[in-house]
Amino acid sequence: MSHWHPHPAARIGLRLLGLGLIASLGPQGRLLHQLVDRSVGVTLAQLAVAATAFLSASLGVTLLLLGPDLWKPVRVAPRWTRRDPPTRAPGKRA
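Residues numbered from 1 in each chain as written. Predicted model: local features only at pLDDT ≥ 70, side-chain atom pairs only at ≥ 80, totals over all residues. Heavy atoms only, no water.

## Quick word on the overall build of the protein
Then comes step 1: The secondary structure content of the protein amounts to 3 helices and 0 strands.
Then comes step 2: Overall, the protein shows an N-to-C arrangement of helices and strands of α-α-α.
Then comes step 3: The proportion of buried residues among the 94 residues of the protein is 14%.
Then comes step 4: Just so you have it, the protein exposes about 8000 Å², and 66% of that area is on carbon and sulfur atoms. (Helix = DSSP H or I, 4+ residues; strand = E, 2+ residues; numbered from the N terminus. Buried < 20%, exposed > 50% of the residue type's maximum accessible area, 1.4 Å probe, protein only. Areas by Shrake-Rupley, 256 points an atom, 1.4 Å probe, with all protein chains shown as cover.)

The following block contains the structure:
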């Protein structure tokens, strides 16, 4: 397995991106609050803003806490690695 070390700019950049996504939750929350106050039922716009806020929160926290370690290689058990199927001699049945 190769040694993997993220560049310092990647560490800082991904964590800043996570902070930016978390900071975007304020305007998204205000917009969602305004949309909910205007209607009785759930509209497609409300659902889209709520889904965007959920994704921003989830990705923001993940990038803030883990950063570039999300792409760090992991060791896989041999039974999960790809193996070529056994070859048979031509004309022989299995």
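## Some points on helix α3 (residues 44-66)
Along an α-helix, residues three or four positions apart point the same way, because every turn accommodates 3.6 residues.
Then comes step 1: For α3, with 23 residues, the first-to-last C-alpha span of 32 Å sits near the 33 Å given by 1.5 Å per residue.
Then comes step 2: Three or more residues of α3 are buried, namely Q46, V49, A53, S56, G60 and L63.
Then comes step 3: Where α3 is buried, its residues touch α1 (8-23) and α2 (25-38).
Then comes step 4: Looking one or two residues past α3, G67 carries a phi angle of roughly 60°, positive in sign. (Expected span 1.5 Å × (residues − 1). Contact = heavy atoms within 4.5 Å.)

## Structural notes on the packing of α2 against α3
Then comes step 1: Where α2 meets α3, the closest approach of the two axes is 10 Å, and the angle between their N-to-C directions is 160°. The angle between the axes of α2 and α3 places the two elements in the roughly antiparallel class. Handedness of the α2/α3 crossing: left-handed. Facing L25, Q28, L31, L32, L35 and V36 of α2, the residues of α3 in contact are A45, Q46, V49, A50, T52, A53, S56 and A57.
Then comes step 2: Of the residues that constitute the contact of α2 with α3, the class distribution is 10 nonpolar, 4 polar and no charged. (Axes fitted to C-alpha atoms, helices over the stretch in contact; angles between N-to-C directions. Parallel < 35°, antiparallel > 145°, perpendicular 65-115°, else oblique. Left-handed = near helix turned anticlockwise from the far one by under 90°. Nonpolar A, V, L, I, M, F, W, Y, C, P; charged D, E, K, R; others polar.)

## Some words on the packing of α1 against α2
Two quantities define a packed helix pair, namely the angle between the helix axes and the distance between the axes.
Then comes step 1: Relative to each other, α1 and α2 sit at 20°, their axes nearing to 5 Å. With respect to α2, the element α1 is oriented roughly parallel. Where α1 abuts α2, its residues L21, I22 and A23 lie against L25, G26 and P27.
Then comes step 2: Counted by class, the contact of α1 with α2 contains 5 nonpolar, 1 polar and no charged residues.

## Considering a nonpolar patch on the surface
Then comes step 1: Taken together, V61, L65, L66, L70 and W71 make up a surface patch of nonpolar side chains, about 510 Å² in accessible area.
Then comes step 2: Here V61 lies in helix α3. (Patch = residues over 30% accessible without salt bridge, like charges linked within 9 Å, V, L, I, M, F, W, Y side chains within 5 Å. Salt bridge = Lys/Arg side-chain N within 4 Å of Asp/Glu carboxyl O.)

## Brief notes about the environment of L64
Then comes step 1: Mapped onto the fold, L64 is located in helix α3.
Then comes step 2: For L64, a relative accessible area of 28% puts it in the partly exposed group.
Then comes step 3: With 48 residues separating them in the primary sequence, L64 and L16 have C-alpha atoms 7.3 Å apart.
Then comes step 4: Here L64 is in contact with R15, G18, L19 and I22, once residues within four sequence places are set aside.

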